[in-house]
Amino acid sequence: MSTDSHLSKWNRRHAEAETQGSVAQVLLRNLHLLPASGKALDLACGRGANALLLAKSGLETHAWDFSDIAIERLMATAQEEGANVMAQTRDVVAAPPEADSFDVILVSFFLERTLVPHLIRALRPGGRIFYQTFVKDVYLDRGPGNSAWRLDRNELLHLFQELQIHYYREDGTVCSEPDEVSDLAMLVASRGEE
Ligand SMILES: C[S@@+](CC[C@H](N)C(=O)[O-])C[C@H]1O[C@@H](n2cnc3c(N)ncnc32)[C@H](O)[C@@H]1O
């Protein structure tokens with residue numbers, strides 16, 4: 001898919017969506033691992049449910065997405081809710097975050113493997129990454145049909161193995177009754193203080 005048609009698809013989805021989306025489970029389940037202050041990035045933020053929560057948690061929050069519709073909707077919601085979010089239209093593959101720039105990076109339902117080294121470098125000492133996205137193993141009739149956009153077994157763990165892992169969950173195929181996170185891998189990890 002060309003970048004233009006990929007962007008048009010996302011602009012259409014963001015225009016048609018009725019809400020700002022849901023807060024990522026990896027964040028909701030690990031709020032205690034957020035620092036009390038610092039600079040946070042919601043990468044490929046969509047309409048920004050996670051960015052709004054990060055901002056309300058006291059973090060200086062930046063939110064980037066290549067969809068101008070998503071960013072406009074996030075700015076409108078942030079204004080309505082009195083949340084201070086610095087939202088920017090930005091192609092994060094073409095322009096990843098700079099080195100040593102964030103204390104928290106949140107990635108939810110976005111998988112671009114070439115970005116991982118940039119994300120690790122973009123963490124400040126002690127900085128934390130919260131990441132969740134779909135795996136290939138369990139299919140709950142949601143998420144991308146193209147399996148290249150789904151994680152292999154333990155892949156998320158391996159992608160960030162040079163960091164200190166604080167939280168990892170991936171049910172794989174062992175759960176007898178899949179629940180709302182069974183088709184996800186979720187990770188919280190941090191860069192050492194140095
Ligand atoms: C599945 S949505 C997830 C949105 C949000 N993170 C969430 O969890 O609700 C994927 C997002 O990635 C954005 N996106 C796709 N390619 C991108 C790129 N190259 N640069 C920035 N954003 C991109 C889309 O516009 C879309 O908002």
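Anything mentioned here points back to the structure above.
Residues numbered from 1 in each chain as written. Predicted model: local features only at pLDDT ≥ 70, side-chain atom pairs only at ≥ 80, totals over all residues. Heavy atoms only, no water.

Enquirer: Looking at this model, I keep getting lost on the overall build of the chain. Mind explaining?
Expert: Within the chain one finds six helices and seven strands. Along the chain, helices and strands appear, N-terminal first, in the series α-α-β-α-β-α-β-β-α-β-α-β-β. In terms of overall size, the chain behaves like a compact globule, its C-alpha atoms giving a radius of gyration of 16 Å where 194 residues would be expected to give roughly 16 Å. Each of the three principal axes of the chain carries a C-alpha extent, and together these read 45 × 40 × 30 Å. Looking at the 194 residues of the chain, the share that counts as buried comes to 48%. Of the contacts formed within the chain by residues at least 6 apart in sequence, a portion of 62% connects residues at least 24 apart. Accessible area of the chain: about 9600 Å², with a carbon and sulfur share of 48%. Distance from the positive charge centre (19 side chains) to the negative charge centre (28 side chains) of the chain: 1 Å. (Helix = DSSP H or I, 4+ residues; strand = E, 2+ residues; numbered from the N terminus. Rg over C-alpha atoms; globule rule 2.2 N^0.38 Å. Buried < 20%, exposed > 50% of the residue type's maximum accessible area, 1.4 Å probe, protein only. Contact = heavy atoms within 4.5 Å. Areas by Shrake-Rupley, 256 points an atom, 1.4 Å probe, with all protein chains shown as cover. Lys, Arg positive; Asp, Glu negative; His and termini not counted. Charge placed at Lys NZ, Arg CZ, Asp CG, Glu CD.)

Enquirer: Explain the pairing of strand β1 (residues 39-43) to me, please; I cannot follow it from the model alone.
Expert: Of all five residues in β1, five are buried, a share of seventy percent or more. Residues Lys39, Leu41 and Leu43 point to one face of β1 and Ala40 and Asp42 to the other, with burial holding for every one of them. Note: β1 against strand β2 (residues 60-65), five bridges, orientation parallel. The partner of Asp42 across the bridge, within β2, is Ala63. (Pairing = 2+ DSSP bridges.)

Enquirer: Please clarify how the environment of Leu187 should be interpreted in this entry.
Expert: Inspection of the secondary structure assignment puts Leu187 in strand β7 (residues 184-190). When the C-alpha atoms of Leu187 and Asp152 are compared, they prove to be 14 Å apart, with 35 residues separating the residues in sequence. Those residues in contact with Leu187 that sit more than four places away from it in its chain are Val26, Ile129, Phe130, Tyr131, Leu156, Leu157, Phe160, Ile165, Tyr167 and Tyr168.

Enquirer: Looking at this model, I keep getting lost on unusual backbone geometry. Mind explaining?
Expert: The bulk of non-glycine residues show a negative phi, and the bulk of peptide bonds are trans. Although it is not a glycine, Ala44 adopts a positive phi angle of roughly 55 degrees. With respect to the helices, strands and loops of the structure, Ala44 is situated in the loop between β1 and α3 (49-56). At Asp100, a residue that is not glycine, the phi angle is positive and equals roughly 55 degrees. If you trace the backbone, Asp100 turns up in the loop between β3 (85-89) and β4 (102-108). Looking at Asp100, the relative accessible area reads 43%, which means it is partly exposed.

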